[in-house]
Amino acid sequence: MAPSTAAAIPIIDLAGDQADVARQLVAAAQDHGFIYIRNLGDDVTPRDIDQAFALSRKLFDAPAEEKQKCAIQNNRGWAGMHVEALDPKNQKARAFNFGEFVDGRAQQPLPSSIANEEQLLSAFADSCRRLCHKILSLLGQGLDVGDFFSSAHFVRQSGSGTILRFLRYPSAESTAHSSQDIRAGAHSDYGSITLLFRLKGQAGLEILKKDSTWAPVPVCPPGTDTDPSPPILVNIGDLLSYWTNGLFRSTVHRVVFPTAGSGSVDGESSSGTRYSIAFFCHPEDSSRLEPVPSQRVQRYVPDGDGPDQNPYSQRQVLTAREHLEMRLKESYATSLVSEEATSA
């Protein structure tokens, strides 16, 4: 059986003409909901990314009891396997969530193994914030609504659901799994946009296409193999879909154990431990989720009820915080702190 056809996600050069970049971003947000970006300048450098992954490995290699002291509360801290209810029976992943940093300081307990790296963590989060602000500004420019999106974000150093998440998924060899087991269940993201950082050769991410089939998302799409680091994936979250009445796609995605002929990408494998880093960008908690004043949005008519039609684009919630609380209740089976949350 031939490998699955990879998702046809656009690659956008952020160093290009900014008006053209803005148009490309809007088109990709509408057609795909996922976007590769490259040539970021000083916003997030390859060195920044390498340092963040080094910290991630250090955290996950720390003793279980050290991480258990930071068990997840209010969506911040250590989440052991099966905690999130994306697919609680079959899901296999571990994560650590960092909330916003204020004046370079974490607003939550940190494992002792990385406590001395607080400034480095804060600096990486700040770099991600700057990049998100740039993308949100360009999306607003592309819709002719100015700073509608960007002005709702990062007004203060706290007061939003923004999360920096370190993730580790088990290798296919180290964890018993069936064909039903997955590394992260099918879901859309809760916020406005997400930055996803991955490592070369580590397979697993898939998106749900408009024809209701799954397609793998290569870490290094054609033409990027010689880049200093893999292009960053940007995916549109629920709130941008909500703000644009579904014009922007909050695409459903998952992480699997791909095998040859099923979800595989040439040069990628699930044979080793998979690491990724996600920066979930959220607007200020009090931001009202009112339709963006865009003629393009007003003219938009959904073309059906397929998987590209985000159900959350029609939810009648008032603020970003209300939407986040709704999604968190759906994603955690009981509460943000459970017996399983303290597992290794």
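Residues numbered from 1 in each chain as written. Predicted model: local features only at pLDDT ≥ 70, side-chain atom pairs only at ≥ 80, totals over all residues. Heavy atoms only, no water.

To continue, consider the confidence of the model for the protein. Looking at the protein as a whole, its pLDDT mean stands at 84, while 81% of the residues score no less than 70. Predicted confidence for residues 82-91 stays below pLDDT 50, and this span has 34 contacts to residues more than four positions away or in other chains. Under a pLDDT of 50 for its full length, residues 333-344 has, in the predicted model, 27 contacts with residues more than four places off or in other chains. (pLDDT = per-residue confidence, 0-100. Contact = heavy atoms within 4.5 Å.)

Okay, the sheet that holds strand β2 (residues 34-38) next. The sheet built from eight strands is open, its strands ordered β1-β2-β12-β9-β14-β7-β4-β3 with mixed pairing. Only two strands of the sheet have a single neighbouring strand rather than two, namely β1 (11-13) and β3 (77-79). Going from strand to strand, the sheet's axes swing by 25 degrees on average, the running direction of each strand aside. Here strand β7 (residues 163-169) runs beside strand β14 (residues 274-281); their pairing, made up of seven bridges, is antiparallel. Looking at the pairing, Ile 163 lines up with Phe 280 of β14. Helix-sheet contacts for helix α2 (residues 46-60) involve β3, β4 (94-98), β7, β9 (193-198) and β14, and the interaxial angle to β7 is about 60 degrees. (Pairing = 2+ DSSP bridges. Helix = DSSP H or I, 4+ residues; strand = E, 2+ residues; numbered from the N terminus. Axes fitted to C-alpha atoms, helices over the stretch in contact; angles between N-to-C directions.)

Turning our attention to the pattern of salt bridges. One pass over the structure, following the stated rule, counts 11 salt bridges. Taking the shortest distance from any N to any O, the salt bridge between Asp 43 and Lys 134 comes out at 3.7 Å. With Asp 43 in the loop between β2 and α2 and Lys 134 in helix α4 (residues 118-142), this pair connects stretches of sequence that are 91 residues apart. Where Arg 105 meets Glu 118, a salt bridge forms, and the shortest distance between an N and an O atom there is 2.9 Å. On the criterion of sequence distance, the pair formed by Arg 105 in strand β6 (residues 105-106) and Glu 118 in helix α4 is long-range, its members being 13 residues apart. Of the residues examined, Arg 105 reaches a relative accessible area of 49% and is grouped as partly exposed. Judged by relative accessible area, Glu 118 falls into the buried class, the value being 13%. Three or more residues are tied together by salt bridges with common partners; here these are Glu 100, Asp 126 and Arg 129. (Salt bridge = Lys/Arg side-chain N within 4 Å of Asp/Glu carboxyl O. Buried < 20%, exposed > 50% of the residue type's maximum accessible area, 1.4 Å probe, protein only.)

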